[in-house]
Structures are given as structure tokens and as C-alpha cells.
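Structural characterization, general
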Amino acid sequence: MKKRKEADPFRINRYDIILTAALAAAAVICVILFAGFHDTSEGAFVRITVDAEEYGIYELSQPVQIRIETDRGNNLIQIRDHQVTMLEADCPDGYCIRKGPISRIGDTIVCLPHRVVAEILSADGHADEFDVIAQ
Ligand SMILES: [Zn+2]
């Protein structure tokens, strides 16, 4: 019986090694870039927008509850202990309630059904790349 020689599909050649190394390097670069751009320090303000219009900017150091009532529904946002939480919402998905609390610059709570967004800003009103998406 003659044994046929076949290429071993699991054999690793040098191109596989180069590809794997390149992918690993790309992954590391992505992590470094993301960590660099994403400011994870404590925010100073929270900006609330409703239907892409600014509803108000509130200091995180001032405890307050903000009730937002629109034709789409109601939301109750709480600022306390330097954190923002969606306390109540009568939206169908309830995702915004499960999201909170947030406190880092660039963090957002989005109530998509009601088009309500709470976004953490730094002391100079900077909110990072999320601004671009919101416009
Ligand atoms: Zn919601």
C-alpha cells in the first residue's frame, strides 16, 4: 500500500508566525490607544440631553434629582456621591436603569426609547469622542 504524502494543515509555517505576531502587535496597539484616549478620571459635571438638545448641565458635587418628562416617557436621574444613576424610567427596555451608576469622564447613560442621554464631563466641559457621535 502506497502512502500518499499530504500537506499537514496544522503545520505552522513562518507566515503563520508573522501573521500571529502582527495581529498580537495590532491588538496591543489598540489597547494602548484606547487607554490613552479614554480618560478614566473622575468627571465634574453631567450634561443631560433630550432628543439631542441640551437639557441641562449639573455639578456632580451637588446632589439632585432631575425628572425628565417628555411625550415618549419619564426618566428620573439622580446625582449623588459624585455619581449619576438612572433611578426611574418607564421605557420598555429598562437598559438605562441597569446601566448606572456612572462617574468617569465620557461615561454615558442612554435611554434610547426616550432619547435621553446623561454624559459625564470634565471640569472644563470636555467630554471626549462621544461628542462626535452625538452630533
Ligand atoms: Zn430607558
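Residues numbered from 1 in each chain as written. Predicted model: local features only at pLDDT ≥ 70, side-chain atom pairs only at ≥ 80, totals over all residues. Heavy atoms only, no water.

Let us look at the coordination of the zinc ion. Donor atoms from the polypeptide that coordinate the zinc ion comprise C91 (SG), C96 (SG) and C111 (SG), at 2.2 Å from the metal. Going along the chain, you hit the donors of the zinc ion in the pattern C-x4-C-x14-C. Residue C96 is found in helix α2 (residues 95-99), and its partner C111 is found in strand β6 (residues 108-111); the two are separated by 15 residues along the sequence. Here the two residues C96 and C111 agree in accessibility, since each one is buried. (Donors = N, O, S within 2.8 Å, 3.2 Å for Na, K, Ca; no water. Helix = DSSP H or I, 4+ residues; strand = E, 2+ residues; numbered from the N terminus. Buried < 20%, exposed > 50% of the residue type's maximum accessible area, 1.4 Å probe, protein only.)

Where burial is concerned, most of strand β4 (residues 74-80) is hidden: five out of the seven residues are buried. Pairing geometry for strand β3 (residues 64-69) and β4, over six bridges, is antiparallel. Bridge pairing in β4 places R67 opposite L76. In sequence, β3 turns back onto β4 through a hairpin of four residues, with G73 there showing a positive phi of about 155°. Inspection of the sheet shows β4 paired to strand β5 (residues 83-89) by six bridges, in the antiparallel sense. Within β5, the residue paired with N75 across the bridge is A89. In sequence, β4 turns back onto β5 through a hairpin of two residues, with D81 there showing a positive phi of about 55°. (Pairing = 2+ DSSP bridges.)

The values are spatial; any link to function lies outside them.
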